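# Coordinate analysis (summary)
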Amino acid sequence: MLNFEKTVMIINWFARQCHGKSIDKLDLLKMIYMVDRYHLRRFGRLISGDNYYAMKLGPVPSMAKNICDNPDELSEEQRAFAYDYLRVIGNDVHSQKSSDKNYFCPSEIEALNATRIKALLVKQSGESLPDFTHHFPEWKAYEQYLTTDQSSRRMDVSKFFSEMTGDDARFEYCPASSRLLKSNKQKFSERQSLENMIGSAND
């Protein structure tokens with residue numbers, strides 16, 4: 001389930017780790033994908049709860065993109081909360097103050113730190129973060145449909161549990177046993193079913 005405030009906190013956390021407390025929007029969106037993927041595979045839950053779309057430059061979390069690119073689509077309350085922490089200037093997102101650490105549990109802090117370190121290593125290798133995300137099977141499943149910069153396909157998040165094989169296996173930054181992936185995939189499926197039932201009851 002989407003957690004708007006936590007998504008803002010994730011954005012702000014990554015921005016504050018960067019020089020000048022600002023981060024490129026495209027890199028940011030890829031790092032949110034990476035941290036959600038890490039936490040889902042290791043702990044059976046997305047941190048942001050965002051919906052993901054495959055686009056030509058890699059996976060995109062839709063609410064995070066709206067926060068960065070389409071603030072007019074946010075409610076007045078959401079904009080006020082986001083702007084208390086963030087400012088978007090050109091292609092960069094700037095942090096205004098520290099994230100509230102109470103929003104993150106220990107497993108989420110682990111995922112955030114692991115993602116930050118991996119993103120630094122990827123960039124030091126000379127590869128861009130968008131290109132790095134193209135190695136993963138959950139994006140490759142939609143690659144044939146992404147013929148233009150505007151093309152997109154809603155991603156099946158359960159594919160984040162896919163195991164990488166062959167040469168691509170060297171890009172896996174969140175290795176997990178088949179047993180753990182199977183268990184967490186089941187947990188995630190059960191949680192989704194429960195959230196759908198709650199959503200239907202509230203309609």
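Everything below is about the structure printed above this text.
Residues numbered from 1 in each chain as written. Predicted model: local features only at pLDDT ≥ 70, side-chain atom pairs only at ≥ 80, totals over all residues. Heavy atoms only, no water.

## Comments concerning the overall build of the chain
The cut-off we apply is this: Helix numbers and strand numbers start at the N terminus; a helix is a DSSP run of H or I with at least 4 residues, a strand a run of E with at least 2. Taken over C-alpha atoms, the radius of gyration is set against a globule rule of 2.2 Å times the number of residues to the power 0.38. Accessibility here uses a 1.4 Å probe with only protein chains present; expressed as a share of the type maximum, an area under 20% marks a residue as buried, one over 50% as exposed, and anything in between as partly exposed. In this analysis, two residues are considered to be in contact whenever any of their non-hydrogen atoms come within 4.5 Å of each other. Here the open area of atoms and residues is found with the Shrake-Rupley method and a 1.4 Å probe, where only the protein chains shown may cover a residue. His residues and chain termini do not enter the charge count, which takes Lys and Arg as positive and Asp and Glu as negative. Charge coordinates come from a single atom per side chain, which is NZ of Lys, CZ of Arg, CG of Asp or CD of Glu.
Per the secondary structure count, the chain includes eight helices and six strands. If you list the helices and strands of the chain from N to C, you get α-β-α-β-β-α-α-β-β-α-α-α-β-α. Relative to the 2.2 N^0.38 estimate, which gives 17 Å for 203 residues, the radius of gyration of the chain is 17 Å and therefore close to what a compact globule would have. Expressed as lengths along the three principal axes of its C-alpha atoms, the size of the chain is roughly 50 × 45 × 35 Å. The 203 residues of the chain split such that 44% are buried. Taking the contacts inside the chain whose residues are at least 6 apart along the sequence as the reference set, 71% of them involve residues at least 24 apart. Only carbon and sulfur atoms are counted for the fraction: they give 47% of the accessible area of the chain, which is about 10700 Å². Averaging the coordinates of the 28 positive side-chain charges in the chain and doing the same for the 28 negative ones gives two points 5 Å apart.

## A short note on the packing of aromatic side chains
Definition in use: Only the six-membered ring of Trp is used, alongside the rings of Phe and Tyr, when aromatic pairs are assigned; centres must lie within 6.5 Å, and planes under 30 degrees apart are stacked while those over 60 apart are edge-to-face, with the rest tilted.
What the rule picks out here adds up to 13 aromatic pairs. Plain terms: the ring middles of Tyr33 and Phe136 are 6.4 Å apart, the flat faces sit at 70° to each other, and that makes the pair edge-to-face. Remark: Phe136 occurs in the loop between helix 6 (129–133) and helix 7 (137–140) and Tyr33 occurs in helix 2 (residues 25–43); sequence separation between them is 103 residues. On the basis of relative accessible area, Tyr33 is assigned to the buried category, the value being 0%. Ring plane angle 50° and centroid distance 6.2 Å describe the contact between Phe132 and Tyr173, whose orientation is recorded as tilted.

## Structural notes on the packing of helix 1 (residues 4–17) against helix 2
Under the convention used in this document: To obtain each axis, a line is fitted to C-alpha atoms, and for helices this fit is confined to the stretch in contact; angles are then taken between N-to-C directions over 0 to 180 degrees. Working definition: roughly parallel below 35 degrees, roughly antiparallel above 145 degrees, roughly perpendicular at 65 to 115 degrees, and oblique for all remaining angles. Left-handed describes a crossing whose near helix is turned anticlockwise from the far helix through less than a right angle; right-handed describes the clockwise counterpart.
Between helix 1 and helix 2, whose axes approach to 10 Å, the crossing angle comes to 115°. On the basis of the axis angle, helix 1 is roughly perpendicular to helix 2. At the point where helix 1 passes helix 2, the crossing takes the right-handed sense. In this structure, helix 1 contributes Ile10, Ile11 and Phe14 to the contact, and helix 2 contributes Leu28, Met31, Ile32 and Val35.

## Points about the nonpolar core
One broad rule of soluble globular proteins: the nonpolar side chains tend to lie buried together. Put simply, the test is: To form a nonpolar core, buried Ala, Val, Leu, Ile, Met, Phe, Trp, Tyr and Cys residues must be joined to one another through side-chain atoms within 4.5 Å.
With 55 residues, the main nonpolar core has Phe4, Val8, Ile10, Ile11, Phe14, Leu28 and Ile67 as its most contacted residues. Broken down by secondary-structure element, the contributors of at least two residues to this core are helix 1, helix 2, strand 2 (52–55), helix 3 (62–69), helix 4 (76–85), helix 5 (106–124), helix 6 and helix 8 (178–202). The element best represented in this core is helix 2, accounting for nine residues.

## Some details on the pairing of strand 2
Formally: A pair of strands is considered paired only if DSSP assigns at least 2 bridges between the two.
One ladder, built from four bridges, connects strand 2 with strand 3 (residues 58–61); its direction is antiparallel. Paired with Tyr53 across the two strands is Val60, which belongs to strand 3. Here strand 2 folds back onto strand 3 in antiparallel fashion, the turn holding two residues. Direction of pairing for strand 2 relative to strand 6 (residues 152–154): antiparallel, over a ladder of three bridges.

## Let's talk about the sheet that holds strand 4 (residues 86–89)
With antiparallel pairing, the three strands of this open sheet are ordered in space as 1-5-4. In this open sheet, the two strands that pair with only one neighbour each are strand 1 (22–24) and strand 4. Pairwise comparison of adjacent strand axes, ignoring direction, gives a mean angle of 25° for this sheet. Summarising the sheet, strand 4 and strand 5 (residues 92–95) pair through four bridges and their orientation is antiparallel. Paired with Val88 across the bridge in strand 5 is Val93. Lying on the sheet, helix 1 is in contact with strand 1, strand 4 and strand 5; it crosses strand 5 at an angle near 90°. Strands strand 1, strand 4 and strand 5 of the sheet are contacted by helix 2, whose axis makes an angle of about 85° with strand 1.

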